[in-house]
Amino acid sequence: DISTFRHALHDIAMIMCGEVTRDLETVEIEVETPLTKTRGHALAHPIVLVPILRAGVGLLNGFTEILAEASVGYIGLFRDEATHEPHSYYRKLPENLADAEVILLDPMLATGGSAADAADELKRAGARRVRFACLIAAPEGVACFEERHPEIPIYTAALDEHLNDQAFIVPGLGDAGDRYFGT
């Protein structure tokens, strides 16, 4: 059901957040405790989360639960069901992309076209440090994304077997956006 899928996606996103951000650069800061001053660490760069609309919103809540200080941008892409090619329809991004650690979010990495196009848009907007996080990936999507963006690391919870002739991930989990939004 919708509730079970949403909760599972949220929980997996929170777990993934730790892995995706594990090696982010930090700086030493002074921290005032109730007893004394001490040294601590803070992230060296602001965080920007960018879900690919609409299914990427399903990962966003889990990431913002951990990264509450993160800014959020959006890239809207839809897949032409006949050609399986992505088409852009919306983009709203924070102005600090050149300074930020940008985490691109989409539950599914199927053909890789949408994620790679979204990464292109982020780069055109000035992003220099980008990571991609997805729930499930197909080997074909990983290969496409790595070919177009070899410098962007991919973080996925599962690597499934392959794409079928309709470009759906097998075994997959169906359309993540439809399952998350109940459509």
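Before any of the text, the structure's been laid out above.
Residues numbered from 1 in each chain as written. Predicted model: local features only at pLDDT ≥ 70, side-chain atom pairs only at ≥ 80, totals over all residues. Heavy atoms only, no water.

Quick question: what am I supposed to make of the overall build of the protein here?
Secondary structure assignment for the protein yields 5 helices and 12 strands. Against the 2.2 N^0.38 benchmark of 16 Å for 183 residues, the protein shows a C-alpha radius of gyration of 17 Å, consistent with a compact globule. Principal-axis analysis of the C-alpha atoms gives the protein an extent of 65 × 35 × 25 Å. By residue count, 44% of the 183 residues in the protein fall in the buried class. Of all intrachain contacts in the protein linking residues separated by at least 6 positions in sequence, the fraction that spans at least 24 positions is 62%. Separation between the mean location of the 15 positive side-chain charges and that of the 29 negative ones in the protein comes to 6 Å. (Helix = DSSP H or I, 4+ residues; strand = E, 2+ residues; numbered from the N terminus. Rg over C-alpha atoms; globule rule 2.2 N^0.38 Å. Buried < 20%, exposed > 50% of the residue type's maximum accessible area, 1.4 Å probe, protein only. Contact = heavy atoms within 4.5 Å. Lys, Arg positive; Asp, Glu negative; His and termini not counted. Charge placed at Lys NZ, Arg CZ, Asp CG, Glu CD.)

Quick question: what am I supposed to make of the side chain of threonine 21 here?
The topology assignment puts threonine 21 in helix α1 (residues 2–21). With sequence-adjacent residues up to four places away left out, threonine 21 is seen in contact with Leu67 and Ile103.

Would you mind showing me how to read helix α3 (residues 113–124) here?
An α-helix turns once every 3.6 residues. As a result, residues three or four positions apart point the same way. Taking 1.5 Å as the rise per residue, α3 with 12 residues should run 16 Å; its terminal C-alpha atoms sit 16 Å apart, in good agreement. Of all the residues in α3, the buried ones are Gly113, Ser114, Ala115, Ala116, Ala118, Ala119, Glu121 and Leu122. Downstream of α3 by one or two residues, glycine 126 has phi in the positive range, about 110°. (Expected span 1.5 Å × (residues − 1).)

How should I be thinking about the pattern of salt bridges in this particular structure?
It is possible for side chains bearing opposite charge to pair when their charged atoms get close. Counting across every chain of the model gives 10 salt bridges. Here glutamate 101 ties to arginine 129 by a salt bridge, and the two come within 3.4 Å at their closest N and O atoms. Here glutamate 101 is found in strand β7 (residues 101–105), whereas its partner arginine 129 is found in strand β9 (residues 129–137), with 28 residues between them in sequence. Residues joined by salt bridges that share partners form a network here, namely Asp23, Glu101, Arg129 and Arg131. (Salt bridge = Lys/Arg side-chain N within 4 Å of Asp/Glu carboxyl O.)

Help me out: how do you make sense of unusual backbone geometry in this one?
A negative phi angle is the norm for most residues apart from glycine, just as the trans form is the norm for most peptide bonds. Look at the link from leucine 53 to arginine 54: it is a cis peptide, with omega at 10°. Relative to the helices and strands, arginine 54 is located in the loop between β3 (47–53) and α2 (57–66). Looking along the chain, the bond that leaves valine 170 and enters proline 171 is cis, with omega of 0°. When you line up the elements, proline 171 lands in the loop between β12 (169–170) and α5 (176–181). A positive phi is found at alanine 167, a non-glycine position, where the angle reads about 65°. Note that alanine 167 resides in the loop between β11 (162–163) and β12. Residue alanine 167 is classed as buried on the basis of its relative accessible area, which comes to 7%.

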